[in-house]
Amino acid sequence: MHNNDQSLSTGKFPPWLAVLAALTAMGALAIDMYLPSFTAIAQDLGVGTNLVQLTLASFLIGLAVGQMFYGPLSDRFGRKPPLFFGIALYFVCSLLCIFAQNIETLIVLRLFQGLGGSAGMVIPRAMVRDRMGAEGSAKAFSMLMLVFGLAPILAPFIGGLMLVFASWRGIFVVLTIFGLLCMVGTRKYLTETVDVTRAEPLHLGRTLRQYWGLLRHRQFMSYVLCGGLVQAGMFAYIAGGPFVVIELHGIKPQYFGFVFASNAIGLIAASQINARLVVKRSAERVLGKVLWVPAGLSLLVVLMVLAGLESLPLLLFGFFGFLTAYGFTGPNATAIALKHQGRQAGTAAALMGTLQFGMGVLSGAVMSLWHDGTALPLVSVMAICGSAAFLLYHLVAKHEPVTPAVQ
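All of the points below concern the structure found in this document. The structure presented is a predicted model; accordingly, all values stated were derived computationally and were not measured.

Bringing the overall build of the chain into the picture now. Tallying secondary structure elements over the chain gives 17 helices and zero strands in all. A globule of 407 residues ought to have a C-alpha radius of gyration of about 22 Å, and the chain, at 20 Å, matches this closely. Each principal axis of the C-alpha distribution contributes one length, and for the chain these read about 55 × 50 × 40 Å. Sorting the 407 residues of the chain into buried and exposed places 56% on the buried side. Within the chain, residue pairs in contact and separated by at least 24 positions form 85% of the contacts whose partners lie at least 6 positions apart.

Put into C-alpha cells, the structure is as follows:
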C-alpha cells in the first residue's frame, strides 16, 4: 500500500512522520531520562544501586522480547491496533512507576514498560516501508533520525532538571505525559497502512517459518548485521564513553552532556544530509561510500592508543566521526533490508530490531566485562564493529542478488 508523501520531496516534515519519529524515541527517552536518578531511587527505596540497575535490565529485556511479537501481529491485524496497544501499555506502566513503593514493583513495571515501548521500535519502520515504498524509505528513515537523535541530547538534561525541581518520580510523570501525547498523535495523524483483508492467518508455525526464512535470507541478514554492527559500536560508546572522557581525561561530569550532545548533533546532521543524497544517489551507493569512515577512523584511533599517542582530541574526533557515520548507515541499511519484504515488513522489522538491539546490548556487556582502566576496550570494540560492518558490506551484502520477499 504505497503512498509516497509529496511533502518529503519538498523537505517538509509531515505530521504522520513526526509522530512515527516520536514513537521511535520512546525507548531511548525511557532509558536516558532516568539514568541520572539511580542514586535518588536507591536512597528513596532503601536499596543499593545494583538493584536499581535491574530496572534498566528489565526494561531492556522488555524492549528486546516485545519486538518479536509486534511484528507478526502488525502484519496480521494491521499496524495501528498493536501499535496503540503498545503505547497504552507504555503509558499505564509509566503512570504506575510514579507510585512504586519498592524496587520489586519498579523492576516489574519497567519490564512491561519496555514491552510497550518496543512497539515504537518495530511498527514505525514497517509503516514507513508500507507508505513510502522501497525507494522513498531511505529518505523517510533519515528524517526519523532527526527526532530520534534529539532524544539522547534532551533526555539527560530533562532528567537532571527534574531531579532539581522534583523527585525521581517526576521523571516518570514526564514519560507518562509523553506516552499520552503519543497516543493522541497516533489516533489523530496515523492511518492504517496494511490491507488486513489480504493478510494471512496468524499461526505460530507460519510465524516461526517466516523468521527462519528471514534468518536464511542472505541479502536481508547482511544489511541487518551491517547496520547493527555500526549501531553496536554506538552502544559501546554510550556504555564506555563516560568513563573514558570523564575519569581518564578529566572532563567534568557537568560538561559531559556537551560532548554527548555534539556527537548527537553530528548524527542528526548526517541523517539530514543523507535524506538529500539518496534522492540523487541510491541508498546502496551512499552506504558503500560511507562505511569506510567508522572502520577507518576507529582503526586509526586504536593504533594511536596502542602507540601511546592517546589524547582527548583524538578520542573525541574518533567518537564524533563514528557516530556521525551512523546517521548515514542506519537509515540506508534499514531501507535496503526492508526493500523486498513486502507484506511481511512488520515481521522483518521485528527481527531486525531484535537482532540489532541485541548486538547493541552485547557490545555494552563486553564493555562492562572488558574493563582494564584504559580507553583500549572502548576503541577496540568500536573498531571491531566498524571494520566488521565494512567487510560484511563489501564481501557479502553488495554481491547478493536482489530476491523476492521471503514468505
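Here we take up the environment of Leu355. In this structure, Leu355 sits in helix α16 (residues 345-369). Here Leu355 falls in the partly exposed class, since its relative accessible area comes to 25%. Along the backbone, Leu355 and Gly228 are 127 residues apart, and their C-alpha atoms lie at a distance of 7.4 Å. For Leu355, the residues in contact, after removing those within four places along its chain, are Leu215, Met221 and Val224.

Attention shifts here to the packing of aromatic side chains. For the structure shown, the criterion picks out five aromatic pairs. Ring centres 6.1 Å apart and planes at 65 degrees place the aromatic pair Tyr34 and Phe172 in the edge-to-face group. Remark: Phe172 occurs in helix α9 (residues 169-189) and Tyr34 occurs in the loop between α3 (26-32) and α4 (38-45); sequence separation between them is 138 residues. Residue Tyr34 shares its accessibility class with Phe172, and that shared class is buried. Seen from their ring centres, Trp168 and Phe172 are 5.9 Å apart, and the 90 degrees between their planes marks the pair as edge-to-face. As far as the burial class goes, Trp168 and Phe172 line up, both buried. Here the aromatic residues Tyr34, Trp168 and Phe172 are joined through ring pairs into a cluster of three or more. We note Arg110 situated over the ring of Phe59; from NZ or CZ to the ring centre the distance is 4.3 Å. Sitting above the plane of the Trp16 ring, Arg131 keeps its charged end 4.2 Å from the centroid.

This part takes up the side chain of Gln231. With respect to the element layout, Gln231 can be found in helix α11 (residues 218-248). Take Gln231: its relative accessible area is 9%, and that puts it in the buried class. Non-local contacts of Gln231, meaning those with residues more than four positions away in its chain, are made with Tyr326, Gln356 and Phe357.

Taken as a whole and assessed by the stated rule, the structure comprises three salt bridges. Between Asp75 and Arg79 there is a salt bridge, with the nearest N and O atoms lying 2.7 Å from each other. Residue classification places Asp75 among the buried residues on the basis of a relative accessible area of 10%. What emerges from the salt-bridge pattern is a single network uniting Asp75, Arg79 and Asp130.

Cut-off values and rules
- Residues numbered from 1 in each chain as written.
- Predicted model: local features only at pLDDT ≥ 70, side-chain atom pairs only at ≥ 80, totals over all residues.
- Heavy atoms only, no water.
- Helix = DSSP H or I, 4+ residues; strand = E, 2+ residues; numbered from the N terminus.
- Rg over C-alpha atoms; globule rule 2.2 N^0.38 Å.
- Buried < 20%, exposed > 50% of the residue type's maximum accessible area, 1.4 Å probe, protein only.
- Contact = heavy atoms within 4.5 Å.
- Phe/Tyr/Trp six-rings, centres within 6.5 Å; stacked < 30°, edge-to-face > 60°.
- Lys NZ or Arg CZ within 6 Å of the ring centre and 35° of its normal.
- Salt bridge = Lys/Arg side-chain N within 4 Å of Asp/Glu carboxyl O.

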